[in-house]
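# Structural description and commentary
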Amino acid sequence: MRLQVHAIHFDADSKLLEFIEKKLGKLETFYDRITSGEVYLRLDKSESSKVKNKVVEVKINVPNAELFVKESGRSFEEGTDLALEALKIQIKKYKAKRQDVENRTIKDATTNGAEVAEEIEIEEI
């Protein structure tokens, strides 16, 4: 999976980038057809709190779909962990839905194929 990390209005530390790549690389164990991903790191702009929350947005591209998660936490690591858990759920749902569609297509194709074979046999008699 090709992963791009964008730090908005600040420079991200290399340790943070390695952490994010390592964590999101684990998503391929759930679904191996992930093509690419983008991560956006930004600071929350709420002026009411002295400690700024960190926002992590992750967009994962899979065949015929795009999965998106936006999480926030006290640190980028915490936000990444939350985003990872949410993406695991989305990937599992996407994969199950995709398998259902494929199974229905295969079932319909075999059913239609059997009917065609029966029609041919009847015409030969």
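Scroll up to find the structure this text is about.
This one's a predicted model, so the numbers in the text were calculated from it and none came from an experiment.

## Details of the overall build of the protein
Helix and strand counts for the protein stand at two helices and four strands. Taking contacts inside the protein between residues at least 6 apart in sequence as the whole, the part at least 24 apart equals 52%. As displayed, the protein has an accessible area near 8,800 Å², and 49% of this comes from carbon and sulfur atoms.

## Topic: the environment of Glu 38
By secondary structure assignment, the location of Glu 38 is in strand S2 (residues 36-43). Residue classification places Glu 38 among the buried positions, given a relative accessible area of 17%. Considering only alpha carbons, one finds Glu 38 and Val 5, 33 residues apart in sequence, at a separation of 5.9 Å. Among residues more than four places away in sequence, those in contact with Glu 38 are Leu 3, Gln 4, His 6, Glu 57, Val 58 and Lys 59. A polar contact of 2.8 Å, which involves the side chain of Glu 38, links it to the side chain of Tyr 40.

## Thoughts on the environment of Ser 72
Turning to its location among the elements, Ser 72 is positioned in strand S4 (residues 65-73). Looking at Ser 72, the relative accessible area reads 39%, which means it is partly exposed. Distance from Ser 72 to Leu 43, taken between C-alpha atoms, is 9.2 Å for residues 29 residues apart in sequence. Residues within four places of Ser 72 in sequence aside, it is in contact with Lys 54, Val 55 and Leu 82.

## Some remarks on the environment of Arg 2
When you line up the elements, Arg 2 lands in strand S1 (residues 2-7). According to the relative accessible area criterion, Arg 2 is exposed, its value standing at 54%. For the pair formed by Arg 2 and Glu 38, sequence separation is 36 residues and the distance between their alpha carbons is 8.5 Å. Sequence-distant contacts of Arg 2, that is, excluding residues within four places in its chain, are made with Thr 35, Ser 36 and Gly 37.

## Comments concerning the pairing of S2
Examined bridge by bridge, S1 and S2 share six bridges and lie parallel to one another. By the bridge assignment for S2, Gln 4 is matched with Glu 38. Relative to strand S3 (residues 54-62), S2 runs antiparallel, the two sharing eight bridges. Across the sheet, residue Tyr 40 finds its bridge partner in S3, namely Glu 57.

What counts, and where the lines are drawn
Each chain carries its own residue numbering, running from 1 in the direction its sequence is written. Confidence filtering applies because this is a predicted model: local features only for residues at pLDDT of at least 70, side-chain atom pairs given and counted only at 80 or more, and all residues used for totals across whole chains, interfaces and linings. Values reported for side chains reflect all heavy atoms of the structure, with hydrogen atoms and water molecules removed beforehand. The helix count covers DSSP runs of H or I at least four residues long, the strand count covers runs of E at least two residues long, and both are numbered beginning at the N terminus. Contacts between residues were defined by any pair of non-hydrogen atoms, one from each residue, lying within 4.5 Å. For the accessible areas, the method is Shrake-Rupley and the probe is 1.4 Å, while residue cover comes only from the protein chains on display. For every residue, the accessible area obtained with a 1.4 Å probe (protein chains only) is divided by the maximum for its type, and the residue is called buried under 20%, exposed over 50%, and partly exposed between those limits. Pairs of N or O atoms are called polar contacts if they sit within 3.5 Å, as long as, within protein, a hydrogen donor faces a hydrogen acceptor (for residues adjacent in sequence, only side-chain-to-side-chain pairs). Paired strands are those between which DSSP finds at least two bridges.

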